[in-house]
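This is what each chain is made of:
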Amino acid sequence: MINSFIDTHIHLDGEEFADDLQQVIERAKAAGCSKVFIPGIDVVGIPRIQQICRDNEGFAFPMYGLHPEEVKEDWAEQLQQIKPLLTLTPSPIAIGEVGLDFYWSRDYYDEQLLCFEEQVKWAIEMCLPLMIHCRKGQAEMVKILRKYESDIVGGVFHCFTGNEQEARELLSFPRFSLGIGGVSTFKKSHLPEVLPNVVPLERLVLETDAPYMAPVPRRGERNESSFVPYIITRLAEAYGVSEETICTHTTNNALRIFFPG
(Lines give C-alpha, C1' and ligand atoms only; values in the text may rest on other atoms or scores of the structure.)
Protein backbone atom coordinates (compact mmCIF):
# COMPACT_ATOMS: atom_id res chain seq x y z
CA MET A 1 0.00 0.00 0.00
CA ILE A 2 1.45 3.37 -1.06
CA ASN A 3 1.28 5.84 1.78
CA SER A 4 2.36 9.48 1.81
CA PHE A 5 5.83 10.16 0.40
CA ILE A 6 8.18 13.08 -0.34
CA ASP A 7 9.97 13.69 -3.64
CA THR A 8 13.20 15.26 -2.40
CA HIS A 9 14.54 16.26 -5.83
CA ILE A 10 12.51 17.41 -8.82
CA HIS A 11 13.23 20.16 -11.36
CA LEU A 12 9.70 21.52 -11.67
CA ASP A 13 11.13 24.81 -12.89
CA GLY A 14 12.34 23.15 -16.09
CA GLU A 15 10.80 24.00 -19.43
CA GLU A 16 9.66 20.38 -19.68
CA PHE A 17 6.90 21.22 -17.17
CA ALA A 18 5.97 24.66 -18.54
CA ASP A 19 2.79 23.54 -20.29
CA ASP A 20 1.19 21.37 -17.60
CA LEU A 21 2.82 22.19 -14.28
CA GLN A 22 -0.37 22.26 -12.21
CA GLN A 23 -1.57 18.97 -13.69
CA VAL A 24 1.80 17.42 -12.78
CA ILE A 25 1.38 18.71 -9.23
CA GLU A 26 -2.18 17.41 -8.97
CA ARG A 27 -1.12 13.97 -10.22
CA ALA A 28 1.68 13.96 -7.65
CA LYS A 29 -0.75 14.72 -4.83
CA ALA A 30 -3.20 12.10 -6.07
CA ALA A 31 -0.38 9.51 -6.02
CA GLY A 32 0.41 10.33 -2.37
CA CYS A 33 3.14 12.95 -2.70
CA SER A 34 2.98 15.32 0.27
CA LYS A 35 5.96 17.56 -0.59
CA VAL A 36 8.41 18.24 -3.40
CA PHE A 37 11.83 19.85 -3.10
CA ILE A 38 13.04 21.90 -6.09
CA PRO A 39 16.81 22.38 -6.48
CA GLY A 40 18.35 25.44 -8.07
CA ILE A 41 21.08 24.90 -10.63
CA ASP A 42 22.02 28.52 -11.42
CA VAL A 43 21.03 32.08 -10.61
CA VAL A 44 18.79 32.47 -13.67
CA GLY A 45 16.42 29.69 -12.63
CA ILE A 46 15.86 30.78 -9.04
CA PRO A 47 13.00 33.28 -9.67
CA ARG A 48 10.99 30.53 -11.37
CA ILE A 49 11.59 28.19 -8.42
CA GLN A 50 10.52 30.92 -6.02
CA GLN A 51 7.30 31.52 -7.93
CA ILE A 52 6.39 27.81 -8.02
CA CYS A 53 6.98 27.56 -4.28
CA ARG A 54 4.89 30.66 -3.57
CA ASP A 55 2.07 29.30 -5.73
CA ASN A 56 2.25 25.91 -4.00
CA GLU A 57 3.06 26.90 -0.43
CA GLY A 58 3.31 23.95 1.91
CA PHE A 59 3.85 21.54 -0.98
CA ALA A 60 6.82 22.87 -2.98
CA PHE A 61 10.03 23.94 -1.22
CA PRO A 62 13.11 25.60 -2.75
CA MET A 63 16.80 24.80 -2.62
CA TYR A 64 19.37 27.25 -3.99
CA GLY A 65 22.79 26.52 -5.40
CA LEU A 66 25.09 26.40 -8.41
CA HIS A 67 25.14 22.98 -10.07
CA PRO A 68 28.62 21.66 -10.94
CA GLU A 69 27.78 21.41 -14.63
CA GLU A 70 26.94 25.12 -14.56
CA VAL A 71 30.35 26.05 -13.14
CA LYS A 72 32.18 28.10 -15.76
CA GLU A 73 34.49 31.14 -15.73
CA ASP A 74 31.79 33.23 -14.05
CA TRP A 75 31.16 30.85 -11.12
CA ALA A 76 32.26 33.36 -8.48
CA GLU A 77 30.01 36.06 -9.91
CA GLN A 78 27.06 33.65 -9.92
CA LEU A 79 27.69 32.78 -6.29
CA GLN A 80 27.76 36.48 -5.44
CA GLN A 81 24.30 36.79 -6.98
CA ILE A 82 22.89 33.64 -5.39
CA LYS A 83 24.04 34.17 -1.81
CA PRO A 84 21.78 37.17 -1.02
CA LEU A 85 18.78 35.10 -2.12
CA LEU A 86 19.36 32.67 0.77
CA THR A 87 17.78 35.12 3.20
CA LEU A 88 14.73 35.97 1.07
CA THR A 89 11.24 34.46 1.18
CA PRO A 90 10.56 31.75 0.25
CA SER A 91 13.64 30.74 2.20
CA PRO A 92 15.56 27.67 1.01
CA ILE A 93 15.41 24.41 2.91
CA ALA A 94 18.85 23.39 1.62
CA ILE A 95 21.89 24.48 -0.36
CA GLY A 96 21.62 22.65 -3.62
CA GLU A 97 22.04 21.31 -6.13
CA VAL A 98 25.78 21.52 -5.56
CA GLY A 99 28.71 19.16 -5.90
CA LEU A 100 31.18 17.82 -8.43
CA ASP A 101 30.72 16.36 -11.91
CA PHE A 102 33.69 15.22 -13.96
CA TYR A 103 31.73 12.73 -16.07
CA TRP A 104 31.83 14.69 -19.32
CA SER A 105 34.77 16.99 -18.79
CA ARG A 106 37.45 18.09 -16.34
CA ASP A 107 37.82 21.51 -17.98
CA TYR A 108 36.64 23.33 -14.86
CA TYR A 109 38.10 20.91 -12.34
CA ASP A 110 39.64 23.49 -9.99
CA GLU A 111 36.68 25.83 -10.34
CA GLN A 112 34.26 23.06 -9.37
CA LEU A 113 36.28 22.24 -6.27
CA LEU A 114 36.35 25.87 -5.17
CA CYS A 115 32.68 26.43 -5.95
CA PHE A 116 31.57 23.34 -4.07
CA GLU A 117 33.65 24.16 -1.02
CA GLU A 118 32.29 27.70 -0.91
CA GLN A 119 28.72 26.39 -0.95
CA VAL A 120 29.53 23.89 1.79
CA LYS A 121 30.60 26.91 3.84
CA TRP A 122 27.23 28.53 3.07
CA ALA A 123 25.43 25.49 4.39
CA ILE A 124 27.38 25.69 7.64
CA GLU A 125 26.84 29.44 7.93
CA MET A 126 23.08 29.14 7.30
CA CYS A 127 22.65 25.87 9.24
CA LEU A 128 21.13 24.30 6.14
CA PRO A 129 21.55 20.77 4.77
CA LEU A 130 23.26 20.07 1.46
CA MET A 131 21.75 18.51 -1.66
CA ILE A 132 24.84 17.02 -3.30
CA HIS A 133 25.30 15.89 -6.90
CA CYS A 134 28.42 13.84 -7.58
CA ARG A 135 29.56 11.98 -10.70
CA LYS A 136 33.12 10.75 -11.12
CA GLY A 137 34.25 12.91 -8.23
CA GLN A 138 33.52 11.03 -5.01
CA ALA A 139 37.13 11.06 -3.77
CA GLU A 140 37.39 14.83 -4.18
CA MET A 141 33.93 15.40 -2.71
CA VAL A 142 34.66 13.30 0.37
CA LYS A 143 37.98 15.08 0.90
CA ILE A 144 36.22 18.46 0.98
CA LEU A 145 33.38 17.27 3.21
CA ARG A 146 35.81 15.74 5.73
CA LYS A 147 37.25 19.20 6.38
CA TYR A 148 33.84 20.42 7.58
CA GLU A 149 32.30 17.16 8.77
CA SER A 150 31.63 18.22 12.36
CA ASP A 151 29.92 21.46 11.30
CA ILE A 152 27.65 20.28 8.47
CA VAL A 153 24.09 19.77 9.70
CA GLY A 154 23.38 17.02 7.16
CA GLY A 155 22.09 16.46 3.68
CA VAL A 156 21.47 14.05 0.84
CA PHE A 157 23.81 12.41 -1.63
CA HIS A 158 21.46 12.77 -4.56
CA CYS A 159 20.95 10.07 -7.19
CA PHE A 160 23.05 7.35 -5.60
CA THR A 161 23.86 4.59 -8.09
CA GLY A 162 27.11 3.25 -6.65
CA ASN A 163 28.41 0.02 -5.17
CA GLU A 164 28.63 -1.19 -1.58
CA GLN A 165 32.04 0.36 -0.96
CA GLU A 166 30.87 3.75 -2.22
CA ALA A 167 27.71 3.51 -0.13
CA ARG A 168 29.69 2.73 3.02
CA GLU A 169 31.96 5.71 2.44
CA LEU A 170 29.03 8.08 2.02
CA LEU A 171 27.19 6.66 5.02
CA SER A 172 30.27 7.42 7.12
CA PHE A 173 28.83 10.93 7.19
CA PRO A 174 26.21 10.16 9.84
CA ARG A 175 23.87 13.06 9.15
CA PHE A 176 23.51 12.29 5.43
CA SER A 177 21.15 9.98 3.56
CA LEU A 178 21.20 8.56 0.04
CA GLY A 179 18.69 9.74 -2.55
CA ILE A 180 17.19 6.83 -4.48
CA GLY A 181 15.26 7.28 -7.71
CA GLY A 182 14.22 5.58 -10.90
CA VAL A 183 17.59 3.92 -11.56
CA SER A 184 16.73 1.44 -8.80
CA THR A 185 14.03 -0.02 -11.08
CA PHE A 186 16.25 -0.46 -14.15
CA LYS A 187 16.89 -4.03 -15.26
CA LYS A 188 20.69 -3.70 -15.08
CA SER A 189 20.74 -1.77 -11.80
CA HIS A 190 22.56 -3.41 -8.90
CA LEU A 191 20.88 -1.14 -6.34
CA PRO A 192 18.25 -3.72 -5.28
CA GLU A 193 21.13 -5.93 -4.12
CA VAL A 194 23.48 -3.21 -2.85
CA LEU A 195 21.05 -1.19 -0.78
CA PRO A 196 19.67 -3.89 1.57
CA ASN A 197 23.20 -5.18 2.21
CA VAL A 198 24.65 -1.82 3.24
CA VAL A 199 22.05 0.92 3.65
CA PRO A 200 19.55 0.89 6.53
CA LEU A 201 16.10 2.24 5.78
CA GLU A 202 16.89 5.11 8.16
CA ARG A 203 19.40 6.41 5.59
CA LEU A 204 17.23 6.54 2.44
CA VAL A 205 15.13 9.28 0.87
CA LEU A 206 13.06 9.13 -2.31
CA GLU A 207 13.56 11.32 -5.36
CA THR A 208 12.76 11.52 -9.04
CA ASP A 209 15.30 13.99 -10.49
CA ALA A 210 12.42 14.67 -12.87
CA PRO A 211 12.10 15.27 -15.72
CA TYR A 212 14.98 12.79 -16.00
CA MET A 213 15.37 9.06 -15.27
CA ALA A 214 11.79 7.86 -15.19
CA PRO A 215 11.42 4.46 -13.52
CA VAL A 216 10.41 1.23 -15.21
CA PRO A 217 7.75 0.80 -16.63
CA ARG A 218 7.69 4.51 -17.57
CA ARG A 219 11.31 4.63 -18.68
CA GLY A 220 11.80 6.94 -21.66
CA GLU A 221 8.93 9.20 -20.64
CA ARG A 222 9.20 12.54 -18.90
CA ASN A 223 9.57 11.70 -15.24
CA GLU A 224 7.33 13.21 -12.54
CA SER A 225 6.51 12.72 -8.86
CA SER A 226 3.48 10.56 -9.57
CA PHE A 227 5.91 7.86 -10.74
CA VAL A 228 7.56 7.54 -7.30
CA PRO A 229 5.27 4.61 -6.32
CA TYR A 230 7.17 2.44 -8.83
CA ILE A 231 10.35 3.18 -6.88
CA ILE A 232 8.61 2.47 -3.58
CA THR A 233 7.39 -0.90 -4.84
CA ARG A 234 10.88 -1.88 -6.02
CA LEU A 235 12.49 -0.86 -2.73
CA ALA A 236 9.86 -2.74 -0.75
CA GLU A 237 10.65 -5.87 -2.76
CA ALA A 238 14.39 -5.41 -2.29
CA TYR A 239 14.20 -4.87 1.48
CA GLY A 240 11.45 -7.44 2.04
CA VAL A 241 9.16 -4.94 3.75
CA SER A 242 5.83 -3.32 3.00
CA GLU A 243 5.45 -0.29 0.76
CA GLU A 244 4.03 1.54 3.76
CA THR A 245 7.27 0.86 5.65
CA ILE A 246 9.32 2.38 2.81
CA CYS A 247 7.06 5.43 2.80
CA THR A 248 7.24 5.87 6.56
CA HIS A 249 11.02 5.60 6.79
CA THR A 250 11.84 7.76 3.77
CA THR A 251 9.36 10.45 4.79
CA ASN A 252 10.69 10.56 8.34
CA ASN A 253 14.25 10.72 7.03
CA ALA A 254 13.45 13.65 4.73
CA LEU A 255 11.65 15.54 7.49
CA ARG A 256 14.54 14.96 9.89
CA ILE A 257 17.09 16.33 7.42
CA PHE A 258 15.18 19.24 5.91
CA PHE A 259 12.78 20.24 8.70
CA PRO A 260 14.68 19.55 11.93
CA GLY A 261 12.87 20.28 15.15
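Details of the structure are given in the entry above.
Source: prediction; values computed, not measured.

Undergrad: Please set out the environment of Asp42 residue by residue, giving values where relevant.
TA: Looking at the secondary structure, you find Asp42 in the loop between β2 (33-39) and α2 (46-55). Through-space distance from the C-alpha of Asp42 to that of Leu79 is 8.8 Å; in sequence the pair is 37 residues apart. Reaching out from Asp42, the side chain makes a polar contact with the backbone nitrogen of Gly45 at a distance of 2.9 Å.

Undergrad: Got a sec to walk through the pattern of salt bridges? Specific residues and values, please.
TA: Taken as a whole and assessed by the stated rule, the structure comprises 13 salt bridges. Where Arg222 meets Asp20, a salt bridge forms, and the shortest distance between an N and an O atom there is 2.8 Å. Taken together, the residues span a long stretch of sequence, with Arg222 in the loop between β8 (204-206) and α8 (228-239) and Asp20 in the loop between β1 (5-7) and α1 (21-31) at a distance of 202 residues. Accessibility expressed as a relative area gives 26% for Arg222, which makes it partly exposed. With relative accessibility at 18%, the residue Asp20 sits in the buried group. Measuring nitrogen to oxygen at the nearest pair gives 3.0 Å for the salt bridge that ties Glu221 to Arg218. When salt bridges with common partners are traced through the structure, they connect Asp20, Arg27, Arg222 and Glu224 into a single cluster.

Undergrad: Could you give me a rundown of the pairing of strand β5 (residues 130-135), with the residues and numbers involved?
TA: Taken together, the six bridges between strand β4 (residues 95-101) and β5 define a ladder with parallel strand orientation. Residue Leu100 lies in a different strand from β5, and its bridge partner there is Cys134. Handedness of the crossover joining β4 and β5 through helix α4 (residues 109-126) is recorded here as right-handed. Where β5 lies against strand β6 (residues 155-157), three bridges are found, and the strand directions are parallel. Paired with Ile132 across the two strands is Phe157, which belongs to β6. Chirality of the crossover, the property in question, places the unit of β5, helix α5 (residues 138-147) and β6 among those that are right-handed.

Undergrad: Which residues make up the layout of surface pockets, and what values do they have?
TA: The gaps of empty space that remain are located by a probe, the size of a water molecule, rolled over the atoms. Empty space within the largest pocket amounts to approximately 950 Å³. As for the largest pocket, its lining consists of 34 residues, of which His133, Cys134, Arg135, His158 and Cys159 are closest to the centre. Contributing elements (two or more residues each) for the lining of the largest pocket: β5, α5 and α6 (164-171). Ranked by residue count, the leading element in the lining of the largest pocket is β5, at four residues. In terms of residue class, the lining of the largest pocket is built from 13 nonpolar, ten polar and eleven charged.

Undergrad: Explain the side chain of His67 to me, using residue names and the numbers behind them.
TA: For His67, the location among the structural elements is in the loop between β3 (60-63) and α3 (75-82). Look at His67 and you get buried, because its relative accessible area is 7%. Polar contacts involving the side chain of His67 include one to the main-chain amide nitrogen of Glu69, which spans 3.0 Å. Once you skip the residues sitting within four places of it in the chain, His67 turns out to touch Ile41, Glu97 and His133.

Undergrad: Can you tell me about the environment of Ala214, naming the residues and giving the values?
TA: As for its placement among the helices and strands, Ala214 is situated in the loop between β8 and α8. Residue classification places Ala214 among the buried residues on the basis of a relative accessible area of 3%. Sequence separation between Ala214 and Cys53 is 161 residues, and the spatial gap between their C-alpha atoms is 23 Å. Among residues more than four places away in sequence, those in contact with Ala214 are Phe186, Arg219, Glu221, Asn223 and Phe227.

Undergrad: Go over the sheet that holds β3, please, and point to the residues and values.
TA: On the basis of which strands lie adjacent, the open sheet formed by three strands has the order β1-β2-β3 and parallel pairing. Two strands in the sheet have a free side with no partner beyond their single neighbour: β1 and β3. Shown here is a sheet whose adjacent strand axes are inclined to one another by a mean of 20 degrees, direction ignored. As paired elements, β1 and β2 share three bridges and run parallel to each other. Counterpart to Phe5 in the pairing with β2 is Cys33. Running over the sheet, α2 touches β2 and β3 and is turned about 155 degrees from β3.

Rules and cut-offs
Residues numbered from 1 in each chain as written. Predicted model: local features only at pLDDT ≥ 70, side-chain atom pairs only at ≥ 80, totals over all residues. Heavy atoms only, no water. Helix = DSSP H or I, 4+ residues; strand = E, 2+ residues; numbered from the N terminus. Polar contact = N/O pair within 3.5 Å; in protein donor to acceptor, adjacent residues only side chain to side chain. Salt bridge = Lys/Arg side-chain N within 4 Å of Asp/Glu carboxyl O. Buried < 20%, exposed > 50% of the residue type's maximum accessible area, 1.4 Å probe, protein only. Pairing = 2+ DSSP bridges. Right-handed = clockwise from strand over helix to strand, strands pointing away. 1 Å grid on protein atoms, 1.4 Å probe; cavity = no way out; pocket = protein on both sides within 12 Å on 5 of 7 lines; lining within 4 Å. Points joined across faces, edges and corners; volume = space filled by probe spheres on them. Nonpolar A, V, L, I, M, F, W, Y, C, P; charged D, E, K, R; others polar. Contact = heavy atoms within 4.5 Å. Axes fitted to C-alpha atoms, helices over the stretch in contact; angles between N-to-C directions.

Read these as geometric descriptors, not functional statements.
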